[in-house]
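Architecture and fold: a report
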Amino acid sequence: MKSIASELAYFLRGRARQNLKVLALYCAFLVVMTLGYASVFRYLMLHLEGREFSFIAGIYWTLTVMTTLGFGDITFHTDPGYIFAAVVTISGVLFLLIILPFGMISLFLAPWIENRLRYKPTLSLPEGTRDHIIIFGMDPVIRSLIPKLVSHQIPFVLVTPDYAEAVRLEEEGFRVVFGRPTDAQVLRAIRADAARYIIANLTDPENVNICLTLRGFSKTPVVTLLDEAEHQELLLLAGASQVIPLKKILGRYLATRTTTQGAMAHVLDSFGKLQIAEFPVHGTPFVNLSLAQACIRQQTGLSVIGIWERGELKAASSETILGENSLVVLAGTSQQLDALEQITGEQACDDLIFILGHGRIGCAAAGFLDRKAVPFILVDRQENPHCKEHIVVEGDATGRNLLKNAGIDAGKGLIVTTNDDSTNIFLTLTGRRTNPHIRIVSRANREENVEQLYAAGADFVVSNASVGANILFNVIESKESIFLTEGINVFRCPLPPKLAGRTIAGSEIRLRSGCSVVAIEPVDGSEVLVSPEPETVLTQGMGLILIGSSRSEETFHQYFS
Ligand code: ADP
Ligand code: ZN
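Treat the numbers as computed from the prediction; the structure is a model and nothing was measured. (Residues numbered from 1 in each chain as written. Chains lettered and ligands numbered in written order. Predicted model: local features only at pLDDT ≥ 70, side-chain atom pairs only at ≥ 80, totals over all residues. Heavy atoms only, no water.)

Put simply, a metal with four donors set out as a tetrahedron has ideal angles of 109.5 degrees, and one with six donors set out as an octahedron has ideal angles of 90 or 180 degrees. Here the zinc ion (ligand 2) is held by His-358 (NE2), Cys-363 (SG), Cys-387 (SG) and His-390 (ND1), and the distances to it run 2.1 to 2.3 Å. For the zinc ion (ligand 2), the 4 donor atoms in the first shell make angles of 98 to 115 degrees at the metal, so the coordination geometry reads as tetrahedral. Sequence spacing of the donors to the zinc ion (ligand 2): H-x4-C-x23-C-x2-H. Separated by 32 residues along the polypeptide, His-358 in the loop between strand 12 (353-356) and helix 14 (360-371) and His-390 in the loop between strand 13 (376-380) and strand 14 (392-394) bring together distant segments of the chain. His-390 carries the same exposure label as His-358, and that label is buried. (Donors = N, O, S within 2.8 Å, 3.2 Å for Na, K, Ca; no water. Tetrahedral: all angles 85-135°; square planar, octahedral: opposite > 155°, others 65-115°. Helix = DSSP H or I, 4+ residues; strand = E, 2+ residues; numbered from the N terminus. Buried < 20%, exposed > 50% of the residue type's maximum accessible area, 1.4 Å probe, protein only.)

Here it is as structure tokens:
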């Protein structure tokens, strides 16, 4: 069934699709011709022979003559009639019996057969292939990763045991090998031992199998994305170098963006002592103050490196107003973050968070809120077989009044995390309409739906694919980098020698690359200097921590390193 579908799909792609249009035009021409002949037939019969026929009879006569069936039940008895019948017969032979079959063969059948004969799946990579990335399992995460690999000119190969998928991916222009990933022969044929990295992105059991098979003959690092948290140890035992619990990470991401209770600031990641954290302004004394009035820096020593507004990271100036829904990105030490907690943590917090969808991501979000003692209500239309811990309101979240009856009016946060983007868009819209002040964080399963989720009223959209792709890319590149959002990273880099001795202002880092210096790590390993003054002198051996878009980061490396 699947193969019939993929064969039929062939006719909807590329040149075949163009040819389909030509065929449609030709058919339209045949219809017009038949109707025309039928009208002439009726006219001649009436005026030459005084016989009247219906239009249907006209079509019937035309078709029997054109197809050379010629039943002979309706015939002309005058010379002009004979001549007309001859013209119809000849055009029938020409257009129906010669041009049509010939066109069908040359436009469709021949290219299709040629395509089938021509495509011989690649079964191995040439000897000497090295430093390539091998990818098992195509999905939206890999689709988001590929442009990054391409732009960094990192060679990669996709491996699939599905013939139709191999054809399709090759038609898209990717380098594809057809073969079973768990077969040692195949792993050798794709030069797994000389590869730079292997990305095992299949089910957990298949990934375990790949690791075990590979470890029989090669030490190439394998990174896998984890489905079920309890499989992590098995994968490591089987020889995976890195296991990324993506669903858990995403759940935590979603949860921290809806609440302020518990630990105020959510630490995204750290570079040694320097931590990069986010904190929602909602529920703190900073609401509706400007950054200058909030005095965060003076009170805590933390520096603000940007502010999220509807998913966009904006540079912050002293006049920037901290709105109820703003999320502030901070850099500083853990002591400084503690100081922030002292100021804001005493707030009575009445957060009530709704989580729609109790899959692995929803469950991880619930687990996170649970640990922070934030009350939440979970809604799912079915039981999660892997979780016995959480109490769930059972029902279809899109159902009329379900959210209202569950008390969404009183909610402070809404996490929308079903596995279907249309449902997520619908639920975001419903949530926003029912409670205009609720903070909505939605999950996008596919990159192309991020915009629609924002349009539906989400305050924050977390895209599975871009988070996954960024983590994978940082692993492959062994980059010390923190993903803030699609395109914006905080990264670390040793001071390029040609900048030694200059001041930050004199280094022209921002001017030349677009990156900004978030912090400096002094040579002697003492405390990091966050948001250093422009007059600070850069010395040999220092570490720089910078923020910038992927492009700025590249420009920085090209220009300075
Ligand atoms: P993941 O593990 O990636 O979070 P899942 O497919 O396991 O994804 O989970 C999605 C969850 O969302 C499922 O438990 C499913 O029942 C739930 N879900 C999907 N649509 C609805 C809906 N309309 N109402 C309630 N729950 C839904
Ligand atoms: Zn759960």
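Anyway, onward from the coordinates.
Right, let's talk about the sheet that holds strand 12 for a bit. Read across the sheet, 6 strands follow the order 14-13-12-15-16-17 without closing on themselves; strand pairing throughout is parallel. Two strands close off the open sheet at either side, each with one partner strand: strand 14 and strand 17 (460-463). In this sheet, neighbouring strand axes are inclined to one another by 20 degrees on average, regardless of whether the strands run parallel or antiparallel. Here strand 16 (residues 439-444) pairs with strand 17 via 4 bridges, running parallel. By the bridge assignment, Ser-442 is partnered in strand 17 with Val-461. (Pairing = 2+ DSSP bridges. Axes fitted to C-alpha atoms, helices over the stretch in contact; angles between N-to-C directions.)

Contact pair helix 3 (residues 55-66) / helix 4 (residues 79-118): the axes reach a minimum separation of 8 Å and the direction vectors enclose 60 degrees. Seen from helix 3, the contacting residues are Trp-61, Thr-62, Val-65 and Met-66; seen from helix 4, they are Phe-84, Ala-85, Val-88, Thr-89, Gly-92, Val-93 and Leu-96. Of the residues assigned to the contact of helix 3 with helix 4, the class counts are 8 nonpolar, 3 polar and no charged. (Contact = heavy atoms within 4.5 Å. Nonpolar A, V, L, I, M, F, W, Y, C, P; charged D, E, K, R; others polar.)

Applying the stated criterion to the full structure yields 9 salt bridges. We note a salt bridge from Arg-360 to Asp-227, for which the minimum N-O separation is 3.9 Å. Taken together, the residues span a long stretch of sequence, with Arg-360 in helix 14 and Asp-227 in the loop between strand 5 (222-225) and helix 9 (232-238) at a distance of 133 residues. When the shortest N-O distance is used, the salt bridge between Glu-521 and Arg-492 registers 2.5 Å. With Glu-521 in strand 20 (residues 516-521) and Arg-492 in strand 19 (residues 488-494), this pair connects stretches of sequence that are 29 residues apart. Accessibility expressed as a relative area gives 13% for Glu-521, which makes it buried. Of the residues examined, Arg-492 reaches a relative accessible area of 27% and is grouped as partly exposed. By sharing partners, the salt bridges in this structure join Asp-227, Glu-228 and Arg-360 into a single network. (Salt bridge = Lys/Arg side-chain N within 4 Å of Asp/Glu carboxyl O.)

Below, the discussion takes up the pairing of strand 17. The alternating pattern of strand 17 places Phe-460 and Val-462 on one face and Val-461 and Ser-463 on the opposite face, and all of these are buried. Crossover strand 16 to strand 17 through helix 17 (residues 450-456) is right-handed. (Right-handed = clockwise from strand over helix to strand, strands pointing away.)

Of all residues adjacent to ligand 1, which total 17 residues, the nearest are Lys-247, Arg-360, Asp-380, Asp-396 and Asn-419. Here an oxygen atom of ligand 1 and a side-chain polar atom of Arg-360 are 2.7 Å apart. Burial of ligand 1 by the protein chains amounts to 90% of its free accessible area of 570 Å². A class-by-class count of the residues in the shell around ligand 1 yields 2 nonpolar, 9 polar and 6 charged. (Near = heavy atom within 4 Å. Polar contact = N/O pair within 3.5 Å; in protein donor to acceptor, adjacent residues only side chain to side chain. Areas by Shrake-Rupley, 256 points an atom, 1.4 Å probe, with all protein chains shown as cover.)

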